[in-house]
Amino acid sequence: MDPDLPYLDGFTVDLGVDENTIALRLQAGEADGVFEQFALSPEAVRQLQQDPNLRVTESVGPRIYYLALNNDGIFGNLDLRLAVAHAATRDFVTQFGDLAKPWNQLMSSTSVQSDPSGTTNYPTDAATAADYLASGGYDGTPVKIVYDVTDPYGSANATALKQDLEAVGFVVDLQGLQQSEFFSAIYDPTAFDISSTYWSADYPDAQDFFSTNFVCASIDILNIARFCDESIDEAFYATDAMPFGADRDAALRAVQQRWIDAVAGVPMMEITPKVILGPRVGDIPTLATYAPFDWKRAWLLAAGLALGIEPFLFARYATPRAVENRRSVSWHPLFEFRRGTSPLVARLAVDHPRFRMPPSESGLKGGGPGTGLMPETNAPHVFIVICESL
């Protein structure tokens, strides 16, 4: 424990609360904040922004939306993908005010490598789109666009895209689905042609976006476009061996440009969600892995006393000493192990007497497909570790 910092005894998290109840509880002082940034619609956020007793701040982790064009169908044709890319407009983004902005990258603005002005994208041009439609041999097959009706951003994107594509000659079948149906559809290559999809990174680096959404190994996992170019993957994986710095950043930007040129995904908008805090909250991080935020800086104001909460520990940023000196008065739900994590840190986190693995996650010790800490792979792995009270 840091004697110079205050600590909380604990906190209460309510799950599955409907939007209206969230807003009413915040305004009545019955809740101290909303930590899931997308639990509230843009309309509800705007309403709560008017309450002088609430503080609305930006999350540190933006979400990017991009078009995933199913390469197992007609969009295996590059010219048809380019037709969509040049047809898509972004004027619809203005309806969300300061929550969203048009975007041209496959990573967020907070990524270390972000360089919007240095990224070449697809100018919106109906004539160019129509030319690619013709050169791609489009035969009038209806293009099925699916979207999640509970997602206001994806819904707006899909509705605008239908108009954009019809204006250049595509025939469009627009299908709004309930959330469970939507997530089933995008993992079925026969169920859709285009979907507006998104990614929010766990840490501010392009690797988080690229390794999950665009590499061949992520097809049917998170690469719902099923795009695969092994030569681009090779260039991407080569950055894993590079030290952090300007050379690695430049290499990752070059890889992104190759994916954009190949229309692996069409960047559309970036959402910067809001975190809403009540008057008792002094501070709280919105995404713990965005170093250098220290979870010990999360605290409340109560009866003239400052109370804080013991930090979550994320192994990617931990040192063996940090794990060795770990103390807690309650359990912490997430440890995150990613490629490049020190095996010593991972071993300490699992074998140290202050930590135990829940039975369902015991694969981290013994290994096994999809469960072990496998530094030679590129997919992120997340495990649950429970920290026993001292």
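Summarised in this report is the structure supplied together with it. Please read all numbers here as calculations on a predicted model, not as lab measurements. (Residues numbered from 1 in each chain as written. Predicted model: local features only at pLDDT ≥ 70, side-chain atom pairs only at ≥ 80, totals over all residues. Heavy atoms only, no water.)

1. Overview of the packing of helix H8 (residues 230-238) against helix H9 (residues 246-261)
Basically, it comes down to this: Only the stretch in contact is used when a helix axis is fitted, and all axes are lines through C-alpha atoms; the angle between N-to-C directions ranges over 0 to 180 degrees. Only DSSP runs of H or I with at least four residues qualify as helices, and only runs of E with at least two residues qualify as strands; both kinds are numbered from the N terminus onward. Each angle is binned into one of four classes, with values under 35 degrees roughly parallel, values over 145 roughly antiparallel, values of 65 to 115 roughly perpendicular, and all other values oblique. For a crossing to be left-handed, the near helix must be turned anticlockwise from the far one by less than a right angle; the clockwise case is right-handed. In what follows, a contact means two residues having at least one pair of non-hydrogen atoms within 4.5 Å. Polarity classes work like this: nonpolar for Ala, Val, Leu, Ile, Met, Phe, Trp, Tyr, Cys and Pro, charged for Asp, Glu, Lys and Arg, and polar for all others, with Gly in that last group.
The geometry of H8 relative to H9 is characterised by a closest axis approach of 9 Å and an angle of 165° between their N-to-C directions. In terms of orientation, H8 lies roughly antiparallel with respect to H9. Crossing of H8 over H9 shows left-handed handedness. Between H8 and H9, the contacting residues are Ser231, Ile232, Asp233, Ala235 and Phe236 on the first element and Leu252, Val255, Arg258 and Trp259 on the second. When its residues are assigned to classes, the contact of H8 with H9 shows six nonpolar, one polar and two charged.

2. With respect to the packing of aromatic side chains
Convention followed: Any pair of Phe, Tyr and Trp rings, taking the six-membered ring for Trp, is counted once the centres come within 6.5 Å. Such a pair is stacked with planes under 30 degrees apart, edge-to-face with planes over 60 apart, and tilted for the rest.
Counted according to the given criterion, the structure contains twelve aromatic pairs. Taking 5.3 Å as the distance between ring centres and 45° as the angle between the ring planes, the aromatic pair formed by Tyr65 and Tyr198 counts as tilted. Placement of the pair is Tyr65 in strand E3 (residues 63-69) and Tyr198 in strand E7 (residues 194-200), with a sequence separation of 133 residues. An aromatic cluster is built from Tyr66, Phe210, Phe214, Phe236, Tyr237 and Trp259, whose rings are joined through pairwise contacts.

3. Here's the deal with the state of the cysteines
Condition: Cysteine sulfur atoms are paired as a disulfide whenever they come within 2.5 Å of each other. Burial status follows relative accessibility: with a 1.4 Å probe on protein chains alone, a residue under 20% of its type maximum counts as buried, one over 50% as exposed, and anything between as partly exposed.
Tallied over the full model, the rule gives one disulfide. The residue that forms a disulfide with Cys216 is Cys228, at a sulfur-sulfur distance of 2.0 Å. Given an S-S torsion of about 95°, the disulfide between Cys216 and Cys228 has right-handed geometry. Of this pair, Cys216 sits in the loop between helix H7 (206-213) and H8 while Cys228 sits in the loop between H7 and H8, and the two are twelve residues apart along the sequence. Here Cys216 falls in the buried class, since its relative accessible area comes to 17%.

4. Focus on the pairing of strand E6 (residues 172-177)
This is how the line gets drawn: Criterion used throughout: strands pair if DSSP finds at least two bridges between them. The handedness of a crossover follows from its direction of travel: if, with the strands pointing away from the viewer, the path from the first strand over the helix to the second runs clockwise, the crossover is right-handed.
Sheet topology places strand E5 (residues 143-148) next to E6; six bridges connect them, and they run parallel. In the strand pairing of E6, Val146 is matched with Gln175. Handedness of the E5-helix H5 (residues 152-168)-E6 crossover: right-handed.

5. A few points about the sheet that holds strand E9 (residues 274-277)
By definition, the strands of a sheet pair up through backbone hydrogen bonds, in either a parallel or an antiparallel sense. Reading across from one edge, E1-E9-E2 is the order of the three strands in this open sheet, with antiparallel pairing throughout. Only two strands of the sheet have a single neighbouring strand rather than two, namely strand E1 (33-34) and strand E2 (55-58). Sheet topology places E2 next to E9; four bridges connect them, and they run antiparallel. Directly across from Val56, in E9, lies its bridge partner Ile276.

So far we have only geometry, and geometry alone does not tell us how the molecule works.
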